Each structure stands twice: as C-alpha cells, then as structure tokens.
Amino acid sequence: MKNLLWLQGGACGGNTLSVLNASDPDLFTFLFTHNVKLLWHPSLSLDNNITQILNDIISDRLHLDILIFEGTVIMGPNGTGMYDIFAGKPMIEWLRKIATKADYIIAVGSCASFGGIPASEPNPTESTGLQFHKKDCGGFLGKNFKSRKGFPVINLSGCPVHPEWLLTTLLLIIEDKLSQEDLDEFNRPRLFYSTTTQFGCPRQPYFTYKISTKELGHREGCLYFELGCRGPYTRSSCNNILWNNQSSKTRVGTPCMGCTEFDFPSFNFFKTEKNRSGIPKRLPLGVSRGSYVTFSAVAKASAPQFLLRPLVRKGKGDWIE
Ligand code: SF4
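- In the annotation of an unreviewed UniProt entry, the entry for the protein reads Hydrogenase, and the organism field reads Acidianus infernus.
- Its UniProt record gives the protein a comment under Cofactor (unreviewed entry), which states: "[4Fe-4S] cluster".
- Note on the protein: under the UniProt heading Subcellular location (unreviewed entry), the record states "Cell envelope".

Some thoughts on the overall build of the protein
- The secondary structure content of the protein amounts to 9 helices and 13 strands.
- Each of the three principal axes of the protein carries a C-alpha extent, and together these read 70 × 40 × 35 Å.
- The centroid of the 35 positive side-chain charges in the protein is displaced by 8 Å from the centroid of its 28 negative side-chain charges.

Topic: the sheet that holds strand S3 (residues 64–70)
- Spatially, S2-S1-S3-S7-S11 is the arrangement adopted by the 5 strands of the open sheet, whose pairing is parallel. One side of each edge strand has no neighbouring strand; the edge strands of this open sheet are strand S2 (36–40) and strand S11 (154–156). The sheet shows a mean angle of 25° between the axes of neighbouring strands, taken without regard to direction.
- Pairing of strand S1 (residues 2–8) with S2, which is carried by 4 bridges, proceeds in the parallel orientation. Bridge pairing in S2 links Lys2 to Val36.
- In this fold helix H3 (residues 50–58) packs onto S1, S2 and S3, with an angle of close to 120° to the strand it touches most, S1.

Focus: the site of the ligand
- Close to the ligand lie Gln198, Cys201, Arg203, Gln204, Phe207, Cys222, Leu223, Tyr224, Cys229, Gly231, Pro232 and Thr250.
- Looking at the shell around the ligand, its residues break down into 7 nonpolar, 4 polar and 1 charged.

Some details on the domain arrangement of the protein
- Taken domain by domain, the protein holds domain 1 (2–191) and domain 2 (195–320).
- With centres defined by C-alpha atoms, the gap from domain 1 to domain 2 works out at 33 Å.
- Opposite the 22 residues of domain 1 that make contact, domain 2 presents 16 residues.
- Summing both partners gives a buried area of about 1,500 Å² for domain 1 against domain 2, and 59% of it is carried by carbon and sulfur.
- Among the residues domain 1 hides against domain 2, the three largest losses belong to His162, Trp165 and Arg188. Together they make up 32% of the total.
- Among the salt bridges present, the one from Glu261 reaches Arg188, with a minimum N-O distance of 3.4 Å.
- At the boundary of domain 1 with domain 2, the tally comes to 9 residue pairs in polar contact (both at pLDDT 80 or more).
- Listing elements by their share of the side of domain 1 that touches domain 2, those giving two or more residues are helix H5 (109–114) and helix H6 (163–174).
- Counted by class, the side of domain 1 that touches domain 2 contains 8 nonpolar, 9 polar and 5 charged residues.

Focus: helix H4 (residues 91–99)
- Buried residues of H4: Met91, Ile92, Trp94, Leu95, Ile98 and Ala99, and no others. Looking straight down H4, one finds its buried side chains confined to an arc of 155°; they lie on one side.

Overview of the UniProt feature "binding site: [3Fe-4S] cluster" (unreviewed entry) in the protein
- Per the UniProt annotation, the sites labelled "binding site: [3Fe-4S] cluster" (unreviewed entry) are Cys238, Cys256 and Cys259. Across 22 residues of sequence, these annotated residues stay compact in space, with a maximum C-alpha separation of 10.7 Å.
- With respect to the helices, strands and loops of the structure, Cys256 is situated in the loop between helix H8 (204–208) and helix H9 (289–301).
- A relative accessible area of 13% places Cys259 in the buried class.
- Residues in contact with Cys259, not counting those within four places in the same chain, are Ser110, Gly158, Cys159 and Phe264.

Parameters and conventions
Residues numbered from 1 in each chain as written. Predicted model: local features only at pLDDT ≥ 70, side-chain atom pairs only at ≥ 80, totals over all residues. Heavy atoms only, no water. UniProt positions renumbered as here; feature names shortened; annotations may be inferred. Helix = DSSP H or I, 4+ residues; strand = E, 2+ residues; numbered from the N terminus. Lys, Arg positive; Asp, Glu negative; His and termini not counted. Charge placed at Lys NZ, Arg CZ, Asp CG, Glu CD. Pairing = 2+ DSSP bridges. Axes fitted to C-alpha atoms, helices over the stretch in contact; angles between N-to-C directions. Contact = heavy atoms within 4.5 Å. Near = heavy atom within 4 Å. Nonpolar A, V, L, I, M, F, W, Y, C, P; charged D, E, K, R; others polar. Domains from an automatic or database assignment. Buried area = accessible area lost by both parts, 1.4 Å probe. Salt bridge = Lys/Arg side-chain N within 4 Å of Asp/Glu carboxyl O. Polar contact = N/O pair within 3.5 Å; in protein donor to acceptor, adjacent residues only side chain to side chain. Buried < 20%, exposed > 50% of the residue type's maximum accessible area, 1.4 Å probe, protein only. Arc of directions from axis to C-beta.

Written as structure tokens, this is what we have:
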C-alpha cells in the first residue's frame, strides 16, 4: 500500500479537474488497482482530519510515499506565507516539514512547477514553484532539495497537466521504474516532454509548406505564422496523447499557448510577433534564422496545390472558407 497526499497552494483547481477526466482507467480505479491510499485531497476528501494527518506524517507515525502539490507556493506577504493559511498555519510551514518526509514529490501543473500565472509580474502573492521559479532552479525548496528517494521535485507542467501524464508518472513511481535520467533539465519526465507540441499535429504539412491559416477554428493552414502558435518550440505530447482521447488545441484551430514551458504565460496568445522583415521572432526549436529564411522560400514555392485550397466543402460547390 502506497500513501498519497494531495495539497493545494495558489491554484484554480484545474489539475484536480483534469485528473478527474482520466478515463482509462479513471482516477479511483487507478488508485484501487495499484493499492494507493489517498490520505487526503482538498476537494475529494470528506473528512476534516488533515491536521492529524499532517502531524502524523511529520512525527513519522504515518509514512508518506508520494506528495502531490497543485498550485503555487504562496510566500507573501513579505515571505511570511500568511496569504495562504491552511490547517491553522501558513501552508509554507507545513510544506517545509512535509516535503522532507515524502519519498517522491510531484508538482502538478505549471503553477507548482514554475510559478505559472500567479507568479506573473507583479506577482502580488510572491508566488513561486516548488523547485523552480520560472526557468531558475530553486523555487521554494531550493535547488539542492531531494525527496527521501533522492529525487528532485518531479515537474508535470501544463495548464493543466494531462491526466494520463500524471497517472503514468504515478505508475512508474509505484513500480519503481522511474530514474533521474528519465527527467529533463526542468525535472519533467522525458516520456512526455521530449518532443514539441508540433509532433502529431495534423497541420504539420501546412507548417512544412509555410501555408498560414486564415483565422481561429479553420480546418486548413498552420497557426504559427500569424496566430501565435507556440507548438514548434513548446515541449509537450498534446498531439500524441490527445485530450479527452480525441483532440488538442491545434486540432480544433486554436494555437498552442506554450503552457508546459517555464515562461508561460506570455501575453500575446493569438498573434505571432515578428521582426521588421516579417520573420517570426521565435523560431522552431533548433532552427537558425538563416536556414529558416532559405527553407521558407523553397518550401512556399514547392507547396502542393491541394494544400492551397479548402479541404472540405459544406454542400455542393460550396467550399468552407
Ligand atoms: S498549428 Fe502549431 S503545432 Fe500545428 S503544425 Fe502549425 S505551428 Fe505546429
């Protein structure tokens, strides 16, 4: 039996909602099948015994296998943590003690991983991530922190995290199959964060031939050139492990907003920022400006005709534009 505790800091609860959408298996079947006891969860637990649970863990009367933290660590005002009182104390006081007792710690969502939306400037709550503040390793627990099993905080970024990324990570931990080499430079499992959002996107042919979509929701065209898609430089598996088992933002014609990266949120979600020559300021991962310009000219000139016209028509002779 593994004990799992879920705590929440500065959060909207989106990661909780996301994991409740897990379907194959659902969360409760997963916990039952893998013999995991959910000690407490802020929205799912009926018992009001959290103070007892926390004290039992701190005094080693109760073993904590996995701590999941959702949301930012709220340090304000002035580093006291008093903006987030939980079970009679600032959450940061509990967290400082509980973190040293957990075999593994998982930060679910971009807020717990990097600070996310609450840590955006001017950051009035003095929010930070568990072990990162934006791109800097450190955060609340400090860069040298290791959980009892010798792991850093395992970051599952995303706004929210995909339920399958969370349950698969839990399974790897439960079965003792996760090693530190499986984590990237931001301590995210490479399994989900080694490829960009673009991998698996059905708009990839349009990206290749530099054909832009006309507006949000259109079936044809790529969203990178005008509508701010961050898919070519955001690491996620959103187009390989689909949302609700069927879709993704780019599949329905909405740009990837880069929510799995440390610099989320940006403030220009639906517009591609360009330089004076009209080249996007942020290029696909690993592509130089020179090769982008050269390749774009060749690609545009070689675009196949069928990609230049609508793919589907509404009725006879009536193409969707
Ligand atoms: S829509 Fe976005 S993710 Fe899809 S091919 Fe274009 S840039 Fe890549």
